[in-house]
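Observations on chain architecture
Chain residues, written in single-letter form:
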Amino acid sequence: MGEIFDKNSFILNEDVMRPRYYFGNKFAFDSGAGNIWDSACLDYDTCVKSINHYKLGNKNVRCPQGAREWGYHFFCPSEVISGDGARGGGGGFSKKPKDRKEAYKLLKEEIYKLYGLDGMTDWETCPGHFLWQHYSCEWGCTSVCAEVGESISATQAHAAFCRGAARQFSIPWALQFSFWQWGRINDYTGCDVWGECSRANGGHSSELYKRVALLTYLGGASHFYPEAAIVINFRKEITEEGVYKLSPVGEMSKKLNEFVERNPNIGTSCSVFGIVLDKYHGMYPGSRRIKPKKAFQVFDYTDGDDMTQNILEIFFPASFNHFISNEASYMVNGPVGETADVLLQGVSEEVISAYPCIILTGDIKLSNEEIAMYSRYAKNGGTLILNTEYLEFFPEYSSRYNGRLRCDLDEGNGKVIIFGPTFGVNALLPIIKEQTARFIPFKLSEQIDFMFNVKEHSLIITLMNNSGYYYNCDNGEDIDITETKTLTLTYTGDGEIKSVSELWNNEKMNTSSSFEVTLSPAEVKIFEFEF
């Protein structure tokens, strides 16, 4: 069935790529039943009965102990605007670190103190806003999560950081979806559970919620938390069955759980690219309320930092720095879909060898052992994508470099692709498109978000149209129908297709290797090709 099915290929190194689970041996969709404090205006027993009736997820799942939303609480975004890392409403550094290495050290010490992590052997990290998931993994967390939704930039980048951290450290990952947005939150009870912040059309749309939940599940996550779901899933009215009526969000929760129940095996989520960041990147989170752009909220951005930001913008364009509360930039249609995981310097040879392509970025300084590891990676069949800045670590490549913006070198069984200029990324997009086409056996005639999963005898490709759906937390949804995408999906592998199904709507398709697909704004279609 083609290179993608070769068990010795990079993409199917399941020891690295396989899902890992925190709650038992399967994906857990949190029903909210563990968050009793949220159900103040509703009867808790009726909530549980309603969860059972509609099958809204796992009742025995609740956030593990640990550091929850710690980036947000450690640095209060509305107050830490001076760039000195001083204490804001949520904490911050007790003293200004002298360099990034000290900032990393102080961050660990103060997070441990703030959340009482000393002696805790089983805890989950969940940064809010900040893309520092790998740091907690180095400090010993047993599950890695990120808060998304809320007023948080770059949802897909947070998923890429979590996915990469989980694979690098062999632990489960998750996303927590917050329905808060710009001081508003969904509340269909009529009780104003959150006072003046409660709005029936407030917070976030059920359409964004759907796409984030599917990004989580199909990305190989362990669990998914819809924050405050025990309230937001329901209206206060009681049905003849003695349960609460579902809200629009509750209807979506029901459909999502039905999808997971119908499709318990989604195979291995495949990423083509491993993006390796320098250890002390301290990356800026992209929030408009945090200015100016600083590493660890203290240090001026360097050319290497800007390169990292620009690479992520290639994969997820315009998803950072959202300035208006209409959901337009929370998820975007990138040029190569969800094909990248973010890794941290210090990653093992086993892990990088699970990726067809490795991209180095930032102010990374390589040890002799790391230089040898990346050289072996290329010789053993990998594609090492190097900016000219890093040629100083690889004299054998530097001596063969022809000075052009792109130079391809054969290296053993693999390849080294050198691109310039120094810290520049303009030449990178054609490279990543080319490598995506090389390893993903599907072709799309239009740019749209996609995910790719491999099962033993089938391939799954998920298409999401992230354009044209707008949702204002005061005025509700606004749909630009001109952003409807009509495209041709073509299987480019050499497998013999036995059947094609569309899983989200549970429909059988005509068996064909190429067909037209139409997706309205925010629409999702999930195709499984069986061989």
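Residues numbered from 1 in each chain as written. Predicted model: local features only at pLDDT ≥ 70, side-chain atom pairs only at ≥ 80, totals over all residues. Heavy atoms only, no water.

1. Focus on the pattern of salt bridges
- One pass over the full model with this rule turns up 19 salt bridges.
- Lys-210 is the salt-bridge partner of Glu-207, the closest N and O atoms lying 2.7 Å from each other. In this pair, Glu-207 and Lys-210 are both assigned in helix 7 (residues 206-218), 3 residues apart and thus about one turn of the helix distant.
- A salt bridge links Asp-408 to Lys-415, with the nearest nitrogen and oxygen atoms 3.9 Å apart. (Salt bridge = Lys/Arg side-chain N within 4 Å of Asp/Glu carboxyl O. Helix = DSSP H or I, 4+ residues; strand = E, 2+ residues; numbered from the N terminus.)

2. Thoughts on the sheet that holds strand 3 (residues 124-126)
- Pairing within the open sheet is parallel, and its 6 strands lie in the order 1-8-5-4-3-2. The open sheet has two edge strands, strand 1 (28-29) and strand 2 (66-68), and neither has a second partner.
- Note that strand 5 (residues 173-178) and strand 8 (residues 223-226) share 4 bridges and pair parallel. Along strand 8, the bridge assignment pairs Leu-175 with Phe-224.
- Along the sheet, helix 6 (residues 155-169) makes contact with strand 4 (143-149) and strand 5, crossing strand 4 at roughly 175°. (Pairing = 2+ DSSP bridges. Contact = heavy atoms within 4.5 Å. Axes fitted to C-alpha atoms, helices over the stretch in contact; angles between N-to-C directions.)

3. Section: the sheet that holds strand 25 (residues 485-491)
- Here we have 3 strands laid out as an open sheet, ordered 20-25-28, and antiparallel in their pairing. This sheet does not close on itself; its edge strands, each paired only once, are strand 20 (442-444) and strand 28 (514-519). Strand-to-strand twist across the sheet, computed as the mean angle between neighbouring axes with direction ignored, equals 25°.
- Pairing between strand 20 and strand 25: 3 bridges, direction antiparallel. Residue Phe-442 lies in a different strand from strand 25, and its bridge partner there is Tyr-491.

4. Notes on the layout of surface pockets
- A volume near 380 Å³ is recorded for the largest pocket.
- In terms of lining, the largest pocket is formed by 14 residues, of which the most central are Lys-26, Phe-27, Asn-257, Val-260 and Glu-261.
- Per-element tally for the lining of the largest pocket: the top contributor is helix 9 (residues 248-262), with 4 residues.
- Tallied by class, residues from the lining of the largest pocket come to 6 nonpolar, 4 polar and 4 charged.
- Within the residue set of the lining of the second largest pocket, elements represented by two or more residues are helix 14 (428-439) and strand 20.
- When its residues are assigned to classes, the lining of the second largest pocket shows 9 nonpolar, 3 polar and 3 charged. (1 Å grid on protein atoms, 1.4 Å probe; cavity = no way out; pocket = protein on both sides within 12 Å on 5 of 7 lines; lining within 4 Å. Points joined across faces, edges and corners; volume = space filled by probe spheres on them. Nonpolar A, V, L, I, M, F, W, Y, C, P; charged D, E, K, R; others polar.)

5. Some remarks on empty space enclosed by the protein
- Considering all chains together, one arrives at 4 cavities of 30 Å³ or more under this definition.
- In this structure, the largest cavity encloses a volume near 60 Å³.
- Lining the largest cavity we find Met-17, Arg-18, Pro-19, Arg-20, Arg-163, Ala-166, Arg-167, Ile-171, Pro-172, Trp-173, Gly-219 and Gly-220.
- In terms of residue class, the lining of the largest cavity is made up of 6 nonpolar, 2 polar and 4 charged.

6. With respect to the packing of aromatic side chains
- Applying the stated rule across the entire model yields 33 aromatic pairs.
- An aromatic cluster is defined as three or more aromatic residues linked by ring pairs; in this entry it consists of Trp-70, Tyr-104, Phe-130, Trp-132, Tyr-135, Trp-139, Tyr-280 and Phe-296.
- Geometry around Tyr-112 places Lys-108 over its ring, the cationic atom sitting 5.7 Å from the centre. (Phe/Tyr/Trp six-rings, centres within 6.5 Å; stacked < 30°, edge-to-face > 60°. Lys NZ or Arg CZ within 6 Å of the ring centre and 35° of its normal.)

7. Structural notes on helix 14
- For helix 14, with 12 residues, the first-to-last C-alpha span of 17 Å sits near the 16 Å given by 1.5 Å per residue.
- Within helix 14 the residues assigned to the buried category are Leu-428, Ile-431, Ile-432, Gln-435, Thr-436 and Phe-439. Considered in projection along helix 14, the buried side chains sweep an arc of 130° and stay on one side of the axis. (Expected span 1.5 Å × (residues − 1). Buried < 20%, exposed > 50% of the residue type's maximum accessible area, 1.4 Å probe, protein only. Arc of directions from axis to C-beta.)

8. Some details on the packing of helix 10 (residues 303-315) against helix 14
- The contact between helix 10 and helix 14 brings their axes to 11 Å, and the two run at 50°. With respect to helix 14, the axis of helix 10 lies oblique. Relative to helix 14, the crossing made by helix 10 is right-handed. Facing helix 10, whose interface residues are Ile-311, Ile-314 and Phe-315, helix 14 presents Leu-428, Leu-429 and Ile-432.
- Among the residues forming the contact of helix 10 with helix 14, the class breakdown is 6 nonpolar, no polar and no charged. (Parallel < 35°, antiparallel > 145°, perpendicular 65-115°, else oblique. Left-handed = near helix turned anticlockwise from the far one by under 90°.)

9. Looking at the packing of helix 7 against helix 9
- Across the interface, helix 7 lies against helix 9 with an axial gap of 9 Å and an inter-helix angle of 25°. Considering their axes alone, helix 7 and helix 9 lie roughly parallel with respect to each other. Helix 7 and helix 9 meet at a crossing whose hand is right-handed. Contacts from Ser-206, Glu-207, Tyr-209, Lys-210, Ala-213, Leu-214 and Tyr-217 in helix 7 reach Pro-248, Val-249, Met-252, Ser-253, Leu-256, Phe-259 and Val-260 in helix 9.
- Taken together, the residues of the contact of helix 7 with helix 9 break down into 10 nonpolar, 2 polar and 2 charged.

10. Some remarks on the pairing of strand 15 (residues 340-344)
- Strand 15 sits mainly inside the fold: 5 of its 5 residues count as buried.
- Here strand 15 shows two buried faces, one formed by Ala-340, Val-342 and Leu-344 and the other by Asp-341 and Leu-343.
- Bridge analysis of strand 12 (residues 273-277) against strand 15 gives 5 bridges, and the strand direction is parallel. Bridging from a neighbouring strand, Ile-275 pairs with Val-342 of strand 15.

11. Focus: the environment of Ala-200
- Residue placement: Ala-200 occurs in the loop between strand 7 (198-199) and helix 7.
- Between the C-alpha atom of Ala-200 and that of Gly-476, which follows or precedes it by 276 residues, the distance is 8.8 Å.
- If we ignore the near neighbours within four places in the chain, the residues touching Ala-200 are Asp-187 and Tyr-188.

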